[in-house]
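# Reading the structure
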Amino acid sequence: EAAVTQSPRSKVAVTGGKVTLSCHQTNNHDYMYWYRQDTGHGLRLIHYSYVADSTEKGDIPDGYKASRPSQENFSLILELASLSQTAVYFCASSRDSANTEVFFGKGTRLTVV
Amino acid sequence: GDSVTQTEGLVTLTEGLPVMLNCTYQSTYSPFLFWYVQHLNEAPKLLLKSFTDNKRPEHQGFHATLHKSSSSFHLQKSSAQLSDSALYYCVTNAYKVIFGKGTHLHVLP
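Report follows, based on the coordinates. None of the values given here were measured: they were computed from a predicted structure. (Residues numbered from 1 in each chain as written. Chains lettered and ligands numbered in written order. Predicted model: local features only at pLDDT ≥ 70, side-chain atom pairs only at ≥ 80, totals over all residues. Heavy atoms only, no water.)

Along its length, chain B carries zero helices and 12 strands. Counting from the amino terminus, helix and strand elements in chain B follow one another as β-β-β-β-β-β-β-β-β-β-β-β. Here the C-alpha radius of gyration of chain B, 13 Å, is about what a compact globule of 109 residues would show, namely 13 Å. In terms of overall dimensions, chain B has a C-alpha envelope of 40 × 25 × 20 Å along the principal axes. When each of the 109 residues of chain B is scored for burial, the buried share is 47%. Long-range pairs, those at least 24 residues apart, make up 57% of the contacts in chain B with a sequence separation of at least 6. Summed over its atoms, the accessible surface of chain B is roughly 5,500 Å², and 51% of this surface lies on carbon and sulfur atoms. Distance between charge centres in chain B, computed from 8 positive and 7 negative side chains, equals 7 Å. (Helix = DSSP H or I, 4+ residues; strand = E, 2+ residues; numbered from the N terminus. Rg over C-alpha atoms; globule rule 2.2 N^0.38 Å. Buried < 20%, exposed > 50% of the residue type's maximum accessible area, 1.4 Å probe, protein only. Contact = heavy atoms within 4.5 Å. Areas by Shrake-Rupley, 256 points an atom, 1.4 Å probe, with all protein chains shown as cover. Lys, Arg positive; Asp, Glu negative; His and termini not counted. Charge placed at Lys NZ, Arg CZ, Asp CG, Glu CD.)

Structure below.
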């Protein structure tokens, strides 16, 4: 079964600090995504990637960077964490961009204090 | 560009009543449509995917029919269960993945 693993599963960060969220997939999928979910709301796309060493901006990229060093790994980086970035972050992967299922990790709950 | 519009906000109904969550889409292609479900404190997961040959996909009592003439893919179930309470996303995926904003379904006893 397709597997997407996120680490850490939860994190408390200090305002102004740097945060790195990691994602690893064993699906051999080309596409990987980072989504943000605020309490009681739906998913919003932050960054995505369709090939190693390349990332693309999603709908809400401001304040976030992404890194795809290999097909299997995709990181989300908050250089200067802010209170407004408190949310649950989901990583996902898909075989390609069209007409295929998206598989999600279990999420990382980030609290910025 | 492509887009998805679904019933926004909260849908509340009593257990045993029928469920219908609306979804319409805009696309220059002929996309597959999907419904994903997210239960509280869980990750989203696939519920249904449209077929190319007008078959009606069904899963866990839910079904949806792709109507290309009206660009719709409404999610239906004949009788709601308490366990159906969740956040439902309609998704189009013609050339990129586009999630709708989600519809909260709250089933009351």
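There's more to say after this.
So, on to the interface of chain A and chain B. By convention, interface size is frequently given as the accessible area that disappears when the constituent parts associate. At the junction of the two partners, chain A supplies 18 residues and chain B supplies 21 residues. Carbon and sulfur atoms supply 51% of the area that chain A and chain B bury against each other, a total of about 1,500 Å² over both sides. For the pair chain A and chain B, the interface holds zero salt bridges. On the surface where chain A and chain B come into contact, there are six residue pairs in polar contact (both at pLDDT 80 or more). (Buried area = accessible area lost by both parts, 1.4 Å probe. Salt bridge = Lys/Arg side-chain N within 4 Å of Asp/Glu carboxyl O. Polar contact = N/O pair within 3.5 Å; in protein donor to acceptor, adjacent residues only side chain to side chain.)

A word on unusual backbone geometry. Trans is the prevailing form of peptide bonds, just as negative phi is the prevailing case for residues other than glycine. A cis amide bond links A:Ser7 to the next residue, A:Pro8, at an omega of -5°. Structurally, A:Pro8 is set in the loop between strand 1 (4–7) and strand 2 (10–13). The residue B:Asn41 is not glycine, and still its phi comes out positive at about 65°. Secondary-structure assignment places B:Asn41 in the loop between strand 5 (33–38) and strand 6 (45–49).

Under the criterion given, the structure shown has five salt bridges over all chains. Across the pair A:Arg36 and A:Asp38 runs a salt bridge, and its minimum N-O distance is 2.9 Å. The salt bridge involving B:Asp84 is made with B:Lys77; its shortest N-O contact spans 2.7 Å. Taken as a pair, B:Asp84 and B:Lys77 share a single burial class, namely buried. A cluster of three or more residues bridged by salt bridges with shared partners is formed by A:Arg36, A:Asp38 and A:Arg44.

A word on the state of the cysteines. Note: disulfide means a covalent bond formed between the sulfur atoms of two cysteine side chains. Residues and elements named next belong to chain A. Evaluated as defined, the whole model comprises two disulfides over all chains. Disulfide pairing places Cys23 opposite Cys91 at an S-S distance of 1.9 Å. As the torsion about the S-S bond is roughly -80°, the Cys23-Cys91 disulfide counts as left-handed. In this pair, Cys23 is assigned in strand 3 (residues 19–25) and Cys91 in strand 9 (residues 87–94), connecting sequence segments 68 residues apart. (Disulfide = S-S within 2.5 Å.)

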